[in-house]
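Examination of the molecular architecture
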Amino acid sequence: MPETPVVLFVEDDPTVRFGSAQALELAGHQVKAFGSAEQALPSVTPGFRGVLLTDVRLPGMDGIELLERAKQI
């Protein structure tokens, strides 16, 4: 059976992160939520099967840089 796609969700605001991740889970998605781009990046591996959903304004690495790094992987 194929691996279930996962949503990598990156949001630095804990309340927004929790509520959004919960809504995605209730909609039937497998979610891994992260508080920073640096925490999420190791989950993006070659052959990653899923969706990367990120806030743009993040402390440290921003969401645009995270997406660029993910595309390189």
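Look above for the structure.
Residues numbered from 1 in each chain as written. Predicted model: local features only at pLDDT ≥ 70, side-chain atom pairs only at ≥ 80, totals over all residues. Heavy atoms only, no water.

**Regarding helix 1 (residues 14-26)**
Relative to the 18 Å expected for 13 residues at 1.5 Å per residue, helix 1 spans 18 Å between its end C-alpha atoms, a close match to the ideal helical length. Two or three places before Thr 15, at the opening of helix 1, Asp 13 has a side-chain oxygen 2.9 Å from that residue's backbone nitrogen. (Helix = DSSP H or I, 4+ residues; strand = E, 2+ residues; numbered from the N terminus. Expected span 1.5 Å × (residues − 1). Polar contact = N/O pair within 3.5 Å; in protein donor to acceptor, adjacent residues only side chain to side chain.)

**A few points about the sheet that holds strand 2 (residues 30-34)**
Ordered in space as 2-1-3, the three strands form an open sheet in which the pairing is parallel. Because the sheet does not close on itself, it has two edges, and the strands there are strand 2 and strand 3 (50-54). The average undirected angle you get between the axes of adjacent strands in this sheet is 20 degrees. Note: strand 1 (residues 6-10) against strand 3, five bridges, orientation parallel. Bridge pairing in strand 3 places Val 10 opposite Thr 54. Relative to the sheet, helix 3 (residues 63-72) contacts strand 1 and strand 3, its axis offset from that of strand 3 by approximately 155 degrees. (Pairing = 2+ DSSP bridges. Axes fitted to C-alpha atoms, helices over the stretch in contact; angles between N-to-C directions. Contact = heavy atoms within 4.5 Å.)

**Points about the pairing of strand 2**
In the sheet, strand 1 pairs with strand 2 via five bridges, with the strands oriented parallel. Bridge pairing in strand 2 links Val 7 to Val 31. In the classification by handedness, the crossover that spans strand 1, the intervening helix 1 and the parallel strand 2 is right-handed. (Right-handed = clockwise from strand over helix to strand, strands pointing away.)

**Notes on helix 3**
Structurally, the α-helix is built with 3.6 residues per turn, so residues lying three or four positions apart point the same way. Regarding helix 3, the residues found buried are Gly 63, Leu 66 and Ala 70. Mapping the buried residues of helix 3 onto a view down its axis gives an arc of 55 degrees, with all of them on the same face. Those residues of helix 3 that are exposed and angled more than 90 degrees off the buried face are Lys 71 and Gln 72. As for helix 3, its buried residues are in contact with strand 1, helix 2 (37-40) and strand 3. Its side-chain oxygen placed 3.1 Å from the backbone nitrogen of Ile 64, Asp 62 serves as the N-cap of helix 3. (Buried < 20%, exposed > 50% of the residue type's maximum accessible area, 1.4 Å probe, protein only. Arc of directions from axis to C-beta.)

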